[in-house]
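What the coordinates show
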Amino acid sequence: MMYMYKAIFLLCLVATEPLISMAMEQQILEREKRALPRWIRNVLSGIPSYCKATGALAAYRMLKAYWDMRRSNWKNCDKYFHCRGNKEAARYGFCGRLVARVISDAREFAQAGGSHGTDTAEDQAANRYGRSGGNCVRRYITSTRGSKRCSLPRRLW
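Right, let's walk through the structure included here.

Reading the values: rules and limits
Residues numbered from 1 in each chain as written. Predicted model: local features only at pLDDT ≥ 70, side-chain atom pairs only at ≥ 80, totals over all residues. Heavy atoms only, no water. Salt bridge = Lys/Arg side-chain N within 4 Å of Asp/Glu carboxyl O. Helix = DSSP H or I, 4+ residues; strand = E, 2+ residues; numbered from the N terminus. Buried < 20%, exposed > 50% of the residue type's maximum accessible area, 1.4 Å probe, protein only. Disulfide = S-S within 2.5 Å. Expected span 1.5 Å × (residues − 1). Axes fitted to C-alpha atoms, helices over the stretch in contact; angles between N-to-C directions. Left-handed = near helix turned anticlockwise from the far one by under 90°. Contact = heavy atoms within 4.5 Å. Nonpolar A, V, L, I, M, F, W, Y, C, P; charged D, E, K, R; others polar. Phe/Tyr/Trp six-rings, centres within 6.5 Å; stacked < 30°, edge-to-face > 60°. Lys NZ or Arg CZ within 6 Å of the ring centre and 35° of its normal. Polar contact = N/O pair within 3.5 Å; in protein donor to acceptor, adjacent residues only side chain to side chain.

Close approach of charged atoms allows side chains of opposite charge to pair. As enumerated under the stated definition, the model contains 9 salt bridges in all. Notably, a salt bridge pairs lysine 64 with aspartate 68, separated by 3.4 Å at the nearest N-O pair. Taken together, the residues lysine 64 and aspartate 68, both in helix 4 (residues 52-72) and 4 residues apart, mark about one turn of the helix. Assessed through its relative accessible area of 10%, aspartate 68 is described here as buried. Salt bridges linked by common partners bring Arg61, Lys64, Asp68, Arg71, Arg84 and Glu88 together as one network.

Here is the structure:
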């Protein structure tokens, strides 16, 4: 998961380009890129340059949803946070949806180690539902489907 933080850091760093001198930015970017595994470097290179600014904002919204999930530490609610993070990132238009998809796929690949389990498929379904603008609260919190119901308190929505 540390690699995901570094990938999101790189996106945010590129978005703050006017605030950092070009030489300093190049040094930081090269050092951080070398520290990342090859598959994450390939993922980051797949994002077009015109998406860097809005992509950094979208990546921040996804990271905020991840932090909220970790902070709440609530059982059976990870699908809601997957959905919410993708929905908030997708609000930034085409670039936001692209970055949300890239980060979600990279996260699922890193968590599953490349295997395709049922939890990974459910997470990807929640990611797609969020990117399409679905109502995450209604689908993953207030619904009464099955025994894996998320009973997250309203203050954490």
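Okay, back to it.
Next up on the list: the state of the cysteines. Going through the model one piece at a time under the given rule, you end up with 2 disulfides. Linked covalently through their sulfurs, cysteine 51 and cysteine 95 form a disulfide whose S-S length is 2.1 Å. Disulfide cysteine 51-cysteine 95: the torsion about the S-S bond is -65°, which places it as left-handed. Of this pair, cysteine 51 sits in the loop between helix 3 (38-45) and helix 4 while cysteine 95 sits in helix 6 (residues 93-112), and the two are 44 residues apart along the sequence. The pair cysteine 51 / cysteine 95 is uniform in exposure class, with both members buried. Across the disulfide from cysteine 83 sits cysteine 136; the S-S distance is 2.1 Å. Given an S-S torsion of about -75°, the disulfide between cysteine 83 and cysteine 136 has left-handed geometry.

The α-helix advances 3.6 residues per turn, and as a result positions three or four apart in sequence lie on the same side. With 14 residues, helix 7 (residues 118-131) extends 20 Å between its outermost C-alpha atoms, agreeing within 8% with the 20 Å of an ideal straight helix rising 1.5 Å per residue. For helix 7, the complete set of buried residues consists of Thr120, Asp123, Gln124, Ala126, Asn127, Tyr129, Gly130 and Arg131.

So, on to the packing of helix 5 (residues 78-90) against helix 7. Their axes nearest at 7 Å, the elements helix 5 and helix 7 cross at an angle of 35°. Taken as a pair, helix 5 and helix 7 cross one another with a handedness that is right-handed. Between helix 5 and helix 7, the residues in contact are Asp78, Lys79, His82, Cys83, Asn86, Lys87 and Ala90 and Asp119, Glu122, Asp123, Ala126, Asn127, Tyr129, Gly130 and Arg131, respectively. Its residues assigned to classes, the contact of helix 5 with helix 7 comprises 4 nonpolar, 4 polar and 7 charged.

Under the definition given, this model contains 2 aromatic pairs. With centroids separated by 6.3 Å and ring planes inclined at 80°, the aromatic side chains of tyrosine 129 and tyrosine 140 adopt a geometry described as edge-to-face. In this pair, tyrosine 129 sits in helix 7 while tyrosine 140 sits in helix 8 (residues 136-140), placing the two residues 11 residues apart along the sequence. Neither tyrosine 129 nor tyrosine 140 differs from the other in exposure class; each is buried. Stacked on the ring of tyrosine 129, the Lys or Arg arginine 139 has its end atom at 4.1 Å from the ring centre.

Topologically, lysine 79 is positioned in helix 5. Of note is the side chain of lysine 79, whose polar atom sits 3.2 Å from the side chain of aspartate 78. Each residue touching lysine 79, except ones within four places of it in the same chain, is listed here: Asp119, Glu122, Asp123, Ala126 and Tyr140.

Shape descriptors only; they carry no functional weight alone.
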